[in-house]
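Reading the structure
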Amino acid sequence: GGTLTGALSGTSATFAGDVDVNGGQLKIKGNFAKLLFEDTAGTDEDAYIVNNANGLFFGKTNSPSGSNDILSLDLSTKAATFAGNINAVEGVFSGDVNIQGDLTINGTYTQIDTDVSTTEQWLVTNDGTGPAAIINQIGAQDIIDIQDDGTSVFYIEDGGNVGIGTTDPGTELEVVGTGQFLSGGSGVQIYGTGGSGNINSLGANDLLMMVDGDEK
């Protein structure tokens, strides 16, 4: 090996070994400054880093182009664009994250803020053994409020009371509006506590009310 003191200028240079700047700076100048990594073993692991007026770009070939970019950094807005999968063991993002594709989380998801919004369909699919969705309210606030155009249609308040058409159910189930019970032929049965009173719909035209075993 040899030692160079001062600047090295030229159209090209080839080093058959390591290059150590020894605490100095490695400068690459030009309107389309680029650093190429060429795999001489033939395993197709070439890569590049390009710096131009649009930002800083990383890609997996030795031919820089927009179609080959894997990571693009906008140096003015500090925005990052990924053209592939992101596998992060641990990381912190201090700005907005815009994902144009699928998001897969293998682990626990924690939402710090209280506002999560989506402009498209929200679909939950579960192929495991547990429930498809669990909502656990550990505070003293109500549990769920499902709305239609800003109007509550299904509400579960703190403690478990369910309201349909109301956000203040006074019993375990309170319906404000009309309701309909339909049966496939075996009848609709409503039982009181302990089974001492019940209302049975036994047929298309029959309605039977019983209290303590006596028909009313």
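First things first, this report covers the structure right here in the doc. (Residues numbered from 1 in each chain as written. Predicted model: local features only at pLDDT ≥ 70, side-chain atom pairs only at ≥ 80, totals over all residues. Heavy atoms only, no water.)

Describing the overall build of the protein
The condition that has to hold: Strands are runs of DSSP state E lasting at least 2 residues, helices are runs of H or I lasting at least 4, and numbering of each runs from the N terminus. Relative accessible area decides the class of each residue, using a 1.4 Å probe on protein chains only: under 20% of the type maximum gives buried, over 50% gives exposed, and in between gives partly exposed. Two residues form a contact once any of their heavy atoms are found within 4.5 Å. Areas reported as accessible are Shrake-Rupley estimates using a 1.4 Å probe. Residue values count occlusion only from the protein chains shown.
A count of helical and extended segments in the protein gives zero helices and 13 strands. Written out in order from the N terminus, the α and β elements of the protein read β-β-β-β-β-β-β-β-β-β-β-β-β. Counting all 216 residues of the protein, 12% fall into the buried class. Considering only contacts in the protein between residues 6 or more positions apart, those separated by 24 or more positions represent 3%. For the protein, the computed accessible surface area is about 18,800 Å², with 49% contributed by carbon and sulfur atoms.

Let's talk about a nonpolar patch on the surface
Under the convention used in this document: Nonpolar side chains (Val, Leu, Ile, Met, Phe, Trp, Tyr) are joined into patches within 5 Å and like charges within 9 Å, using only residues with over 30% relative accessible area and no salt bridge. Each salt bridge in this description consists of a side-chain nitrogen of Lys or Arg and a carboxyl oxygen of Asp or Glu lying within 4 Å of one another.
Taken together, Phe15, Val19, Val21, Leu26, Ile28, Leu35 and Phe37 make up a surface patch of nonpolar side chains, about 650 Å² in accessible area. Locating valine 19 in the fold gives a position in the segment before strand E1 (33-37). Residue valine 19 is classed as exposed on the basis of its relative accessible area of 57%.

Considerations on the sheet that holds strand E4 (residues 69-74)
Cut-off, in case you're wondering: Paired strands, in this sense, are two strands between which DSSP finds at least two bridges. Note on geometry: axes are lines fitted to C-alpha atoms, helical ones only across the stretch in contact, with angles between N-to-C directions running from 0 to 180 degrees.
An order of E1-E2-E3-E4-E5 is seen for the five strands of this open sheet, with the pairing classed as antiparallel. Strand pairing shows two members of the sheet lacking a second neighbour, E1 and strand E5 (79-82), which therefore form its edges. Strand-to-strand twist of the sheet, defined as the mean angle between neighbouring strand axes without regard to direction, takes the value 10°. The pairing of E4 with E5 spans four bridges and is antiparallel. Looking at E5, one finds that aspartate 74 is bridged to alanine 79.

Let's talk about the sheet that holds strand E9 (residues 173-175)
Taking strand neighbours across the sheet as the criterion, the four strands line up as E6-E7-E8-E9 in an open arrangement whose pairing is mixed. A single partner strand is all that each edge strand has here, and the edge strands are strand E6 (144-148) and E9. Each adjacent strand pair in this sheet contributes to an overall mean axis angle of 20°, direction not counted. Alignment of strand E7 (residues 151-156) against strand E8 (residues 162-164), held across two bridges, turns out to be antiparallel. Bridging across to E8, tyrosine 155 finds its partner in glycine 163.

Quick look at unusual backbone geometry
We note that aspartate 149 has phi near 55°; this positive angle belongs to a residue other than glycine. Inspection of the secondary structure puts aspartate 149 in the loop between E6 and E7. Exposure remark for aspartate 149: the relative accessible area of 79% places this residue in the exposed category.

A word on the pairing of E7
Relative to E7, E6 is paired through five bridges, and the arrangement is antiparallel. Its bridge partner lying in E7, aspartate 145 is registered against tyrosine 155. Hairpin connection between E6 and E7: a loop of two residues separates the two successive antiparallel strands, and aspartate 149 in this loop has a positive phi of roughly 55°. Connecting the antiparallel pair E7 and E8 is a turn made up of five residues, with glycine 159 showing a positive phi of about 105°.

Remarks on the side chain of serine 72
Mapped onto the elements, serine 72 comes out in strand E4. Serine 72 gets classed as buried once you look at its relative accessible area, which sits at 17%. In contact with serine 72, other than residues within four places in its own chain, are Leu56, Phe57, Ala79, Ala80 and Thr81.

Describing the environment of threonine 77
By secondary structure assignment, the location of threonine 77 is in the loop between E4 and E5. Judged by its relative accessible area of 54%, threonine 77 is exposed. Here the alpha-carbon distance between threonine 77 and glycine 55, two residues 22 residues apart in the chain, equals 9.7 Å.

Keep in mind these numbers describe shape, not what the thing actually does.
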